[in-house]
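Structural description and commentary
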Amino acid sequence: MIKHTVTFKLKYAKGSAEESIFLKAATELRSIPGVKNFECLRQISAKSHFDYALSMDFISIETYNEYNQHPEHTTFVNTYWTAFVEDFLELDYELMQ
């Protein structure tokens, strides 16, 4: 299993129209084949400057790679991610047996 998590900070203020547009588009990633346990999360701790996270699981590295190449994902990255995200940290973990 692969756990894919991206924590990020938007260029726009919390509660802004841009925030709503981005988060709505981000939640549509859950419909891409292979995505399991999709979560859109809001930071509650002052220990991190990242305000949000997206987390999802994939059954294999192949499924994860297919997600990365999926047209809906690449469109999201090109349309929303590059325009709306100020900073991010991507973490991809494999389950240890």
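The coordinates are above.
Model, not experiment: these values are computed from the prediction.

Moving on to helix α1 (residues 17-27). Note that an α-helix has 3.6 residues per turn; residues three or four places apart therefore point the same way. Restricting attention to buried positions, one finds in α1 the residues Glu19, Phe22, Leu23, Ala25 and Ala26. When α1 is viewed along its axis, its buried side chains cluster within an angular range of 160° and face the same direction. Of the residues in α1, the exposed ones pointing more than 90 degrees away from the buried face are Ala17 and Lys24. In this structure, the buried side of α1 is in contact with β1 (2-10), β2 (36-42), β3 (52-58), α3 (71-84) and β4 (85-94).

In this section: the sheet that holds β3. Taken together, four strands build an open sheet; the order of strands is β2-β3-β1-β4 and the sheet is antiparallel. The open sheet has two edge strands, β2 and β4, and neither has a second partner. Along the sheet, successive strands turn relative to each other by an average axial angle of 10°, direction set aside. Bridging between β1 and β3 involves seven bridges; their strand directions are antiparallel. Residue pairing in the sheet places threonine 5 in a bridge with serine 55 of β3.

What counts and how
Residues numbered from 1 in each chain as written. Predicted model: local features only at pLDDT ≥ 70, side-chain atom pairs only at ≥ 80, totals over all residues. Heavy atoms only, no water. Buried < 20%, exposed > 50% of the residue type's maximum accessible area, 1.4 Å probe, protein only. Helix = DSSP H or I, 4+ residues; strand = E, 2+ residues; numbered from the N terminus. Arc of directions from axis to C-beta. Contact = heavy atoms within 4.5 Å. Pairing = 2+ DSSP bridges. Axes fitted to C-alpha atoms, helices over the stretch in contact; angles between N-to-C directions.

This is a description of form; function is not addressed.
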